[in-house]
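# Residue-level structure breakdown
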Amino acid sequence: MTIPNVTEYKQDMNAGSTLIRNDKTGGFLTCAPLWAQKCGTMNYPRGLCADINSNFKISKAFSPAVQRCGSYMDLVIVLDGSNSIWPWGPVQDFLKKLTGSLDIGPKKTQVSIVQYGEDARFEFKLNAFKTTAEAEQFAENIKQKQGRETNTAQGINFARENAFSPQNGGRPKATKVMVVVTDGESHDRAKLPEAILECEKERIVRFGIAVLGYYNREQINPENLIKEIKSIASDPKEKHFFNVSSEAALIEIASTLKERIIGIEGTSNKNEDNFLLEMAQVGFSAHFVPSQDVLMLGAVGAYDWAGTTVHKSSDKITIFEKKVFQDILQDRNDSSYLGKL
Ligand code: CA
């Protein structure tokens, strides 16, 4: 039993805990309510069911609660474009790989890139692109801004004040994430603690990436650079701070960085908008309605364990919204386990 294009966690999935006969096919339906989708480091027990035919072959597995990971997020990349970054090609490769691995769209992840040196400017805003392909294509063609100074605090302030603002496509309820990529100690480091504090107040999760290429080429001790970029990164530092030996090595951290970015959701921002079906446990119970060719599935963990039911016909799956049951429910504590049919 497997769902394509999803990172699965199948240990303890309790396959077979729900088992019902399918008179129509002569086979049966089995569910694994604790089958989980892995997003970053988190496992979400969304639940999975599969039709098994009379020869004990799995004919089709389905998981109605599966969603793309990290779906409602505003991500701003704050990119150092100062002269010391060289060569630029690997930076473009990194931007292409990172943006290309995210699910970008107006209702999913939005990405903006801000490039800075002496000052900061937009390469593109959060609402600039409607698809991953558009953003990826633009990102890989970004030119180096250049600059003799590296004003990282200014770059961070510009991103916080402008890039996340609703006028530029920021969504107030989205998880805010900033990725700072730089290769040198900042010229405005005195302003850095305040810039970081302001981000902290606005709950912007920050990743810091120190590119040691210039320091290594010039044989400069990178200790202070590492310390500075670590101070920018959110806690715990080991999850939010990266250093790479050269520009060319940036590409190697792109997928780990992506995993950590999409893993943020569900841990730091457990609000209604993005915590609906993560724990759904679809298939906790199941019931066929043969006369209507309909399958009903219980999903006890949906909506913070209020629970819901899934209605599946041959051509359509409907997951009932929480409000559908609001007038029926006697239990106002929102922990009714409604999906236990
Ligand atoms: Ca520099």
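A brief structural summary. Nothing here was measured: the structure is a model prediction, and the numbers come from that model.

### Digging into the coordination of the calcium ion
Six octahedral donors around a metal ideally subtend angles of 90 or 180 degrees, whereas four tetrahedral donors ideally subtend 109.5 degrees. Looking at the calcium ion, the protein donor atoms are Ser82 (OG), Ser84 (OG), Thr150 (OG1) and Asp183 (OD), and they sit 2.3 to 3.0 Å from it. Counting residues between consecutive donors of the calcium ion along the chain gives the motif S-x1-S-x65-T-x32-D. Note that Ser84 is positioned in the loop between β8 (73-80) and α1 (89-100) and Asp183 in the loop between β11 (175-182) and α4 (192-201), a separation of 99 residues in sequence. Across the pair, exposure class does not vary: Ser84 and Asp183 are buried alike.

### Here's the deal with the sheet that holds strand β14 (residues 282-289)
The strand order across the open sheet built from 4 strands is β14-β15-β16-β17, with neighbouring strands paired in antiparallel fashion. Each edge of the sheet is formed by a strand with only one pairing partner; in this case those strands are β14 and β17 (317-319). The mean angle between the axes of side-by-side strands here comes to 20°, regardless of whether they run parallel or antiparallel. Where β14 lies against strand β15 (residues 294-299), 6 bridges are found, and the strand directions are antiparallel. Bridging from a neighbouring strand, Val289 pairs with Val294 of β15.

### Focus on the packing of helix α3 (residues 152-163) against α4
Look at α3 against α4: their axes get within 9 Å of each other, and the N-to-C directions meet at 20°. Relative to α4, the element α3 is oriented roughly parallel. Between α3 and α4 lies a crossing of left-handed hand. For the pair α3 and α4, the contacting residues are Thr152, Ala153, Ile156, Asn157 and Arg160 in the first and Leu192, Ala195, Glu198 and Cys199 in the second. Residues of the contact of α3 with α4, tallied by class, amount to 5 nonpolar, 2 polar and 2 charged.

### Regarding the nonpolar core
Ranked by internal contacts, the top residues of the largest apolar core, which has 40 residues, are Phe94, Leu95, Val179, Phe207, Ile209, Leu250 and Leu257. Among the elements of the structure, β8, α1, β9 (109-116), α2 (132-139), β11, β12 (204-211), β13 (241-244) and α8 (250-262) are those that each provide at least two residues to this core. If you tally residues by element for this core, the top one is α8, at 6 residues. Contacts of Val179, omitting those with residues within four sequence positions, involve Leu75, Val76, Ile77, Val78, Phe207, Ile209, Leu257 and Ile261. Counting 28 residues, the second largest nonpolar core, distinct from the first, contains Ala153, Leu192, Ala195 and Ile196.

### Section: the pairing of β15
For β15, the buried fraction is high: 6 of the 6 residues fall into the buried class. Residue alternation in β15 divides its side chains into two sets, Val294, Met296 and Gly298 and Leu295, Leu297 and Ala299, and both sets are buried. Once β14 ends, the chain turns through 4 residues before running back antiparallel as β15, passing Asp293 with a positive phi of about 55°. Relative to strand β16 (residues 308-312), β15 is paired through 5 bridges, and the arrangement is antiparallel. Directly across from Gly298, in β16, lies its bridge partner Thr309.

### Re the side chain of Asn22
Of note, Asn22 is situated in strand β2 (residues 18-22). With residues up to four places along the chain from it excluded, the contact list for Asn22 reads Gly27, Phe28, Asp51 and Phe288.

Reading the values: rules and limits
- Residues numbered from 1 in each chain as written.
- Predicted model: local features only at pLDDT ≥ 70, side-chain atom pairs only at ≥ 80, totals over all residues.
- Heavy atoms only, no water.
- Donors = N, O, S within 2.8 Å, 3.2 Å for Na, K, Ca; no water.
- Helix = DSSP H or I, 4+ residues; strand = E, 2+ residues; numbered from the N terminus.
- Buried < 20%, exposed > 50% of the residue type's maximum accessible area, 1.4 Å probe, protein only.
- Pairing = 2+ DSSP bridges.
- Axes fitted to C-alpha atoms, helices over the stretch in contact; angles between N-to-C directions.
- Parallel < 35°, antiparallel > 145°, perpendicular 65-115°, else oblique.
- Left-handed = near helix turned anticlockwise from the far one by under 90°.
- Contact = heavy atoms within 4.5 Å.
- Nonpolar A, V, L, I, M, F, W, Y, C, P; charged D, E, K, R; others polar.
- Core = buried A, V, L, I, M, F, W, Y, C linked by side-chain atoms within 4.5 Å.

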